[in-house]
Amino acid sequence: MEYTIETLNRMAKDIRNISDFAPTVGVVLGTGFSNFVNHLEDNKSILFKDIEDMPETTNPAHKGEFVIGRFAGVNVVCMNGRLHNYEGYTSPTCVLPVRAMCLLGLKGLVLTNAAGALNPKYRPGDLMIIEDQISQFVPSPLIGTNIEELGTRFPDMSNVYDEKTTKKIYDDAIEIGLDVKKGTYIQFRGPQYESKAESKLARLLGGDAVGMSTTTEAIAAKHMGIKTVGFSLITNFANGAMVDADAISDDDVLKVAAKNEKEYTALLEVCIKNLANA
Ligand code: HPA
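This report concerns the structure included in the present document. (Residues numbered from 1 in each chain as written. Predicted model: local features only at pLDDT ≥ 70, side-chain atom pairs only at ≥ 80, totals over all residues. Heavy atoms only, no water.)

Turning next to the pairing of strand β9 (residues 228-237). Within β9, 9 of the 10 residues are buried, leaving the element largely enclosed by the surrounding structure. By the bridge criterion, 9 bridges tie strand β5 (residues 108-117) to β9 in an arrangement that is parallel. When the sheet's bridge partners are listed, T112 is paired in β9 with F231. Sheet topology note: the strand β6 (residues 127-134)/β9 ladder contains 3 bridges and is antiparallel. (Buried < 20%, exposed > 50% of the residue type's maximum accessible area, 1.4 Å probe, protein only. Helix = DSSP H or I, 4+ residues; strand = E, 2+ residues; numbered from the N terminus. Pairing = 2+ DSSP bridges.)

Let us look at the nonpolar core. With 45 residues, the main nonpolar core has I15, M54, F66, M101 and L109 as its most contacted residues. Those elements giving two or more residues to this core turn out to be α1 (5-16), β3 (65-71), β4 (74-80), α3 (96-102), β5, β6 and α6 (215-223). Apart from residues no more than four positions distant in its own chain, L109 is found in contact with G26, V27, V28, V98, M101, C102, A221, I226, K227, T228, V229 and L275. (Core = buried A, V, L, I, M, F, W, Y, C linked by side-chain atoms within 4.5 Å. Contact = heavy atoms within 4.5 Å.)

Take the pairing of strand β7 (residues 180-187) next. Most of β7 sits out of view: 7 of its 8 residues are buried. Relative to β7, β6 is paired through 7 bridges, and the arrangement is parallel. When the bridges of β7 are listed, M128 appears paired with K181. Summarising the sheet, β7 and strand β8 (residues 209-211) pair through 3 bridges and their orientation is parallel.

Now the structure itself:
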């Protein structure tokens, strides 16, 4: 689907109209993170499917809604659930909700996901702040006619996750006692988890964590000039990358995420405050 700036602006207006709060920070909640919206005060929501032309989420773990509310004194808009390539959506379609959210005049965006560990030092339950990404295994979200109002045809990606803010978030997280890592996230298309050889390949290429989302959204946000940061919650070992781990299941991914809600919520607070105060 090729969309226009008018479509995106209309979607942004539909989101903005659900609340009196003008959001300053956007958050994309990945698999297992959905309970975060319950921490937002005075929250108001709208389902993707109630916004004209917005595609629906088909992953049952992803509600597919926008929620606006206040968290840690900051007006926040959350995308509770996202669109993935494996649902049959093209990359430009996958980033449509993120683009609509970024048109709300955000100071910054936080991307989150559940991911498999490629780095042998990582364990399920670890939090990895994303320093950089490998996106070349999925088509670019910028394929097709460039919408000049959003950004330039050939955007620079050398600082896709804002370096300065990312460093500050890491330091602040360590200071409050969170055991965070930092590393490179690699996106594969899914929906199947990686074979052992694919995990080895991903590690050889420099990946520390692997998942099925996020890099396309980071590219779209950077294209629009939005300051972006992100982190992964490691929910499992990527089979074959370092150990012969147990078979991965989406159930286990959700269980590990639920068990680590306190930690990922604390890291979200650090990210949100840093972007709001930048
Ligand atoms: N691979 C891909 N996506 C994932 C994984 C994984 O191991 N864990 C959670 N999401």
